[in-house]
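Working through the structure, step by step
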Amino acid sequence: MTPQDAAPALAGVLIALGLVDSAFSGFRAYAGRDARIRKGRAVVRASLRGLAVGGGLLLAPVFTAGAVLLAAADRHRAYAALAEGGIGFLVPLACYASAVLLSLAAYLVLPFRASTLAMVAGLGPLTLLRPLAVAAACAGVLVRGGGVSALLVGAVAGAAVLSVEPLVHRRWYAVPHG
């Protein structure tokens, strides 16, 4: 199977990763803002807010990829470059997502003290490393041979997912000044 044949599935996986990341971003924007013990509804609401904002923002790379294809003199070649770049973008993100899932699983499964350690030593630093994971994904586009057009799509996608948490925080959870 060529990368071009896998491109629709690849795009679906990347969009799914972006949407899951958006839901987590919504949760992170809310985290620590509520002292109630039972806050399941608020967590779900925050995650859905992140998902909604992320879903809207992830239209930007979709439209960017469409514009790249429409503007290309050789659409077959542009499609192939986007597919190669998509693979390069996915590999670092898959590694990062695996580390997050492992840390999250440890947090959910281990006893209290060990789960706290998983949170502090795993999920906390991994959250701070998100921009580096996106930068590595953009570098992966170039290493894989996706070219400038694929890098543009990757950079727009990276900017979109990194913007979710600040936008959700400002819209719903920021403390008003004054």
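See the structure above.
These numbers were taken from a predicted model, which means no experiment stands behind them.

To continue, consider the nonpolar core. Grouped together as the largest cluster of nonpolar side chains are 16 residues, with contacts concentrated most on Leu82, Phe89, Leu93, Tyr96 and Val100. Of all the secondary-structure elements, those providing two or more residues to this core are α4 (75–109), α5 (112–128), α6 (130–144) and α7 (147–173). Tallying contributions element by element places α4 first for this core, with 6 residues. Not counting chain neighbours up to four residues away, the residues in contact with Leu82 comprise Ala65, Val68, Leu69, Ser149, Ala150 and Val153.

Now for the pattern of salt bridges. Evaluation of the coordinates by the stated rule reveals 3 salt bridges. As a salt-bridge pair, Arg28 and Glu165 come within 2.9 Å of each other at their nearest N and O atoms. One end of the pair, Arg28, is in helix α1 (residues 3–30); the other, Glu165, is in helix α7, with 137 residues separating them in the sequence. Put simply, Glu84 and Arg144 hold a salt bridge, and the shortest N to O gap is 2.6 Å. Taken as a pair, Glu84 in helix α4 and Arg144 in helix α6 lie far apart in primary sequence, 60 residues in all. Judged by its relative accessible area of 39%, Arg144 is partly exposed.

About the criteria used
Residues numbered from 1 in each chain as written. Predicted model: local features only at pLDDT ≥ 70, side-chain atom pairs only at ≥ 80, totals over all residues. Heavy atoms only, no water. Core = buried A, V, L, I, M, F, W, Y, C linked by side-chain atoms within 4.5 Å. Buried < 20%, exposed > 50% of the residue type's maximum accessible area, 1.4 Å probe, protein only. Helix = DSSP H or I, 4+ residues; strand = E, 2+ residues; numbered from the N terminus. Contact = heavy atoms within 4.5 Å. Salt bridge = Lys/Arg side-chain N within 4 Å of Asp/Glu carboxyl O.

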